[in-house]
Amino acid sequence: MMIRQAAKKALGLTPCQSTPLSVGIFRSYHENVIDHCDNPRNVGSFDKNDPTVGTGLVGAPACGDVMKLQIKVDEKTGQIVDARFKTFGCGSAIASSSVATEWVKGKAMEEVLTIKNTEIAKHLSLPPVKLHCSMLAEDAIKAAVKDYKEKRVKTNSA
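Residues numbered from 1 in each chain as written. Predicted model: local features only at pLDDT ≥ 70, side-chain atom pairs only at ≥ 80, totals over all residues. Heavy atoms only, no water.

If you look the protein chain up in an unreviewed UniProt entry, it shows as Iron-sulfur cluster assembly protein from Brassica carinata. As stated in UniProt under Subcellular location (unreviewed entry), the record for the protein chain gives "Mitochondrion matrix". Of the protein chain, the UniProt comment under Cofactor (unreviewed entry) reads exactly: "[2Fe-2S] cluster". (UniProt positions renumbered as here; feature names shortened; annotations may be inferred.)

Okay, structure coming up:
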């Protein structure tokens, strides 16, 4: 790992760009992935016990990526007013999470359920080997909405 970081620094590459040492041949991420990876939007988390927060935690055991995406909902309007994420994974997973949080803000919960992994993948120009990252983002959105709705049912029945 240290050799990779030193090579990237020596070549003037950002942490999300590939080096010849890291992949055997030179291959780099699309500029949208690099932008969201190097400048991720909405990194962080909310209090998971807040009744206005829905949390989606998803993972891909095959590659080790884990994604937590949280939404904060205005209870009066049903609009998602804020979103946060924390992701452990590759640059494509980080970028997919970042894009997802940007896309859900300001939308109704039912509307965000129409966001498809293929749209995220297209926006980021993900190669087929990285499509699982956009799938995780779609699953995380769905899981966050489901968690929020389950909290609402518990709150309303109490």
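A.B. asks: Just to check I follow, could you spell out helix α6 (residues 117–124) for this structure?
C.D. replies: Structural remark: α-helix, 3.6 residues per turn; residues separated by three or four positions point the same way. Along α6, the residues that are buried comprise Asn117, Ile120, Ala121 and Leu124. The buried residues of α6 all sit within an arc of 100 degrees when viewed along its axis, so they share a single face. Exposed and oriented more than 90 degrees from the buried face of α6 are Thr118 and Lys122. The secondary structure elements touched by the buried residues of α6 are α3 (31–38), α4 (91–104) and α7 (131–157). Ser125 sits one or two positions beyond α6 and adopts a positive phi of about 55 degrees. (Buried < 20%, exposed > 50% of the residue type's maximum accessible area, 1.4 Å probe, protein only. Helix = DSSP H or I, 4+ residues; strand = E, 2+ residues; numbered from the N terminus. Arc of directions from axis to C-beta. Contact = heavy atoms within 4.5 Å.)

A.B. asks: Would you take a moment to explain α4 for this structure?
C.D. replies: Between its first and last C-alpha, α4 extends 20 Å over 14 residues, near the 20 Å set by a 1.5 Å rise per residue. Where burial is concerned, most of α4 is hidden: 12 out of the 14 residues are buried. If you check which residues of α4 are buried, you get Gly91, Ser92, Ala93, Ile94, Ala95, Ser96, Ser97, Ser98, Val99, Ala100, Thr101 and Val104. Just downstream of α4 lies Gly106, where phi reads positive at about 85 degrees. (Expected span 1.5 Å × (residues − 1).)

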